[in-house]
Amino acid sequence: MDISVIIPLLNEQESLPELSTWITKVMTANNFSYEVIFIDDGSSDNSWEIIENLSKENSSFKGIRFLSNYGKSQALHAGFAKAQGDVIITMDADLQDSPDEIPELYNMITKDGLDLVSGWKKKRYDSVVAKNLPSKLFNWAARKTSGVHLNDFNCGLKAYQNKVVKNIEVSGEMHRYIPVLAKNAGFKKIGEKVVIHQARKYGESKFGMNRFINGFLDLITIWFLSKFGKRPMHLFGLLGTIMFMIGFISAGYIGIMKLWKLYFTNQETILVTENPWFYISLTTMIIGTQLFLAGFLGEIILRTKNNEERYKISEKVNL
């Protein structure tokens, strides 16, 4: 199979018929063998009924329905697990991503040898203050932190080699950082393509300003995971050891100075426990011990963790 198109959605009943017709037209014109996997992330409208009807009309259309709203990352995870195409295309269901981009994205993967191609909505039709400016700031921070030089991490229109999506773990709200996850997994050939951004035709955006706050927090998380995710002891153990040694040496210095003053200079001295620096040293040793234990426990958890299912599927069609 040439292409798998994965489309997470939430309450997009108006756009699904038009989107499916558009995708079919593009695939037929280019003689692609394909499948389209819709992941209904707990819609409360008639989205699932429409997906069922589409799957009856065309066996290439498939669907997964979540019991509840688990988030876009979980929806992509479910789609990646089922995708069979040589090239995986992800796109949003709101018609802001154009299926006409699919052939060129496919060629960039198959002919140019890229592992991943990320869309760049260079010209946007969103609010400048509410979305465009925060998005530019977010993308700048993501580039500087991750070392992946993309202009638009948030663009849902992306293309991957099949082996990429089978070797990355998308969880939480990490969908916007899939290029970073791919880079950390060893896939270095990451490209970018300017894509058309269309104004929303139906409904309202499912993402508010809080996604940018969450995005920055996730950015910190993914930086930490990329550096120390497999060896937490390298961070916590090192910091803990340094702090414990500083506290231990300081406490030893306080004790030695007291003995020196008592037995060699005959000076009057206060009790060690009356010296505020003694408690600072003691606190430093305690914190150092706690950090060391945090690293040790992190190593144990990493080696014994079970990959629990992060979502529940209620129905499937054509899968």
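Everything below is about the structure printed above this text.
Anyway, here's the lowdown on the structure attached to this text. Please read all numbers here as calculations on a predicted model, not as lab measurements. (Residues numbered from 1 in each chain as written. Predicted model: local features only at pLDDT ≥ 70, side-chain atom pairs only at ≥ 80, totals over all residues. Heavy atoms only, no water.)

1. Details of the overall build of the protein
Then step 1. Per the secondary structure count, the protein includes 10 helices and eight strands.
Then step 2. Every one of the 319 residues in the protein was classed for burial, and the buried ones make up 45%.
Then step 3. For the protein, the accessible surface area stands at approximately 16900 Å², while carbon and sulfur atoms represent 58% of it. (Helix = DSSP H or I, 4+ residues; strand = E, 2+ residues; numbered from the N terminus. Buried < 20%, exposed > 50% of the residue type's maximum accessible area, 1.4 Å probe, protein only. Areas by Shrake-Rupley, 256 points an atom, 1.4 Å probe, with all protein chains shown as cover.)

2. A look at helix H4 (residues 102-110)
Then step 1. Along H4, the residues classified as buried are Ile102, Pro103, Leu105, Tyr106, Met108 and Ile109.
Then step 2. Looking at the packing, one finds that the buried side of H4 touches strand S1 (3-9), helix H1 (16-29), strand S4 (87-90), strand S5 (116-120), strand S6 (158-161) and strand S7 (190-194). (Contact = heavy atoms within 4.5 Å.)

3. Some thoughts on the pattern of salt bridges
Then step 1. Under the definition given, this model contains six salt bridges.
Then step 2. Between Glu315 and Arg65 there is a salt bridge, with its nearest N and O atoms 2.8 Å apart. In this pair, Glu315 sits in strand S8 (residues 313-317) while Arg65 sits in strand S3 (residues 61-66), placing the two residues 250 residues apart along the sequence.
Then step 3. Lys121 is paired through a salt bridge with Asp97; the nearest N and O atoms lie 3.1 Å apart. Of this pair, Lys121 sits in the loop between S5 and helix H5 (128-146) while Asp97 sits in the loop between S4 and H4, placing them 24 residues apart in sequence.
Then step 4. Assessed through its relative accessible area of 8%, Lys121 is described here as buried.
Then step 5. A cluster of three or more residues bridged by salt bridges with shared partners is formed by Glu101, Glu104 and Lys193. (Salt bridge = Lys/Arg side-chain N within 4 Å of Asp/Glu carboxyl O.)

4. Digging into the sheet that holds S1
Then step 1. Taken together, eight strands build an open sheet; the order of strands is S7-S5-S6-S4-S1-S2-S3-S8 and the sheet is mixed. At either end of the open sheet lies a strand with only one pairing partner, and these are S7 and S8. When strand polarity is set aside, the average angle formed by the axes of neighbouring strands in this sheet is 15°.
Then step 2. Bridge count for S3 against S8 is four bridges, and the pairing is antiparallel. Pairing of Gly63 across the sheet is with Val317, part of S8.
Then step 3. Across the sheet, H1 is in contact with S1, strand S2 (34-40) and S3; its angle to S1 comes to roughly 170°. (Pairing = 2+ DSSP bridges. Axes fitted to C-alpha atoms, helices over the stretch in contact; angles between N-to-C directions.)

5. Focus: the side chain of Glu101
Then step 1. If you trace the backbone, Glu101 turns up in the loop between S4 and H4.
Then step 2. Judged by relative accessible area, Glu101 falls into the buried class, the value being 7%.
Then step 3. In this view, Glu101 contacts Leu157, Lys193, Val194, Val195 and Ile196; residues no more than four positions away in its chain are not counted.

6. Quick word on the environment of Leu16
Then step 1. By the secondary structure assignment, Leu16 is in helix H1.
Then step 2. Assessed through its relative accessible area of 0%, Leu16 is described here as buried.
Then step 3. Sequence-distant contacts of Leu16, defined by excluding residues within four places in its chain, comprise Leu9, Phe38, Ser47, Ile50, Ile51, Leu54 and Ala93.

7. Thoughts on unusual backbone geometry
Then step 1. Unusually for a residue other than glycine, Asn11 sits at a positive phi of about 55°.
Then step 2. By the secondary structure assignment, Asn11 is in the loop between S1 and H1.
Then step 3. The phi dihedral of Asn31 falls on the positive side, at around 55°, and the residue is not glycine.
Then step 4. Along the chain, Asn31 falls in the loop between H1 and S2.
Then step 5. Given the relative accessible area of 68%, Asn31 is considered exposed.

8. Focus: the nonpolar core
It is characteristic of soluble globular proteins that their nonpolar side chains tend to be buried jointly.
Then step 1. In this structure, Ile3, Val5, Ile7, Phe38 and Ile89 are the most contacted members of the largest nonpolar core, which totals 36 residues.
Then step 2. Listed by contribution, the elements that provide at least two residues to this core are S1, H1, S2, helix H2 (47-57), S4 and H4.
Then step 3. Leaving out residues up to four positions away in the same chain, Phe38 has contacts with Ile7, Leu9, Leu16, Ile51, Leu54, Phe61, Lys62, Gly63 and Ile64.
Then step 4. Among the nonpolar cores identified, the runner-up in size contains 33 residues, and Ile6, Ile88, Phe138 and Val180 belong to it. (Core = buried A, V, L, I, M, F, W, Y, C linked by side-chain atoms within 4.5 Å.)

9. Comments concerning the pairing of S4
Then step 1. Neither face of S4 is exposed, since Val87 and Ile89 on one face and Ile88 and Thr90 on the opposite face are all buried.
Then step 2. Bridge analysis of S4 against S6 gives four bridges, and the strand direction is antiparallel. Bridge pairing in S6 links Ile89 to Ala159.

10. A short note on a nonpolar patch on the surface
Then step 1. Together, Phe292, Leu293, Phe296, Leu297, Ile300 and Ile301 line one region of the surface with nonpolar side chains, adding up to about 560 Å² of accessible area.
Then step 2. Here Ile300 is to be found in helix H10 (residues 276-304). (Patch = residues over 30% accessible without salt bridge, like charges linked within 9 Å, V, L, I, M, F, W, Y side chains within 5 Å.)

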